[in-house]
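Each chain, written out:
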Amino acid sequence: MAGKRLSVLSFGLIAAAAILIAASLFFPWWGMEFFAPQYPEGLNIIVYPDQLQGEIDIVNGLNHYIGMKGFSEENFPELNYLKYLISGLAALTLITAILRRKIVLYFLIGIFAIGGSLGVWDLRRWLHDFGTDLSPTAPIKVDPFVPPILGENTLANFITNSYLGTGSFLVIAAFILILIPIWKDR
């Protein structure tokens, strides 16, 4: 029954999920490493919910040669509000734990699923935009490409590796924690 109260253990699992979501704000969510013979130590773009870190200027300097737009916090308006959405999700998760109602938990799981899907779609959209909207006046001509969200890609003499950061793993763990009560309190 959807109105049934969740157990105290389920309360603890959902409250722990809220803590993991809040903690994810302080860790990178996604990143990309670039390796080439001239950069054997690699270059990084590291994405936090509210900022970009890494060797952004060097990567932008190299990307200029193939006509790619520069990476900057100004180019990603999501960085202005993503931390608030994540904070809201943490608060909503904590409220769900306190209320201990299955119907509220189902709503939270729906929010997670929709938010996660939108996040993956948005990242894919940006990768597509950056890799296919190349300047026709660039000094080096390359075919349009779409860097993968996860995994390895090769472009010219660069090998890139895209990966999830600690923040993403914390949110995935939180999602698993909120699913357990559905099974446990069935």
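Before going into details, it helps to say that this report is about the structure given with it. Quick caveat, the model's predicted, so the values are computed rather than measured. (Residues numbered from 1 in each chain as written. Predicted model: local features only at pLDDT ≥ 70, side-chain atom pairs only at ≥ 80, totals over all residues. Heavy atoms only, no water.)

As for the packing of aromatic side chains
In plain terms, the rule: Two rings belonging to Phe, Tyr or Trp (six-membered ring only in the last case) form a pair when the distance between their centres is within 6.5 Å. Interplanar angles under 30 degrees mark stacking, angles over 60 mark edge-to-face geometry, and anything in between is tilted. Under the DSSP-based scheme used, a helix requires at least four consecutive residues in state H or I and a strand at least two consecutive residues in state E, with every element numbered from the N terminus. Partly exposed describes any residue whose relative accessible area lies between the buried limit of under 20% and the exposed limit of over 50%, with all areas from a 1.4 Å probe on protein chains only and scaled to the type maximum.
Under the definition given, this model contains seven aromatic pairs. Where F71 meets F130, the ring centres are 4.7 Å apart and the plane angle is 5°; that geometry is what we call stacked. Of this pair, F71 sits in the loop between α2 (56–64) and α3 (78–99) while F130 sits in helix α4 (residues 102–132); the two residues are 59 residues apart in sequence, bridging distant segments of the chain. Assigned by exposure class, F71 and F130 land together as buried.

A closer look at the pairing of strand β1 (residues 30–36)
Rule in force here: Following DSSP output, two strands are said to pair if at least two bridges run between them.
Of all seven residues making up β1, five are buried, and the element is well covered by its neighbours. Bridge analysis of β1 against strand β2 (residues 39–47) gives six bridges, and the strand direction is antiparallel. Its bridge partner being in β2, G31 is matched across the sheet by I46. Adjacent in sequence and paired antiparallel, β1 and β2 are bridged by two residues. Note: β1 against strand β5 (residues 158–164), six bridges, orientation antiparallel. Bridge assignment links E33 to a residue of β5, and that residue is N161.

Description of the pairing of β2
Of all nine residues in β2, seven are buried; the element is thus mostly enclosed. Sheet analysis places β2 next to strand β3 (residues 52–54), joined by three bridges and oriented antiparallel. Bridged to I45 within β3 is G54. Between β2 and β3, which pair antiparallel in sequence order, lie four residues.

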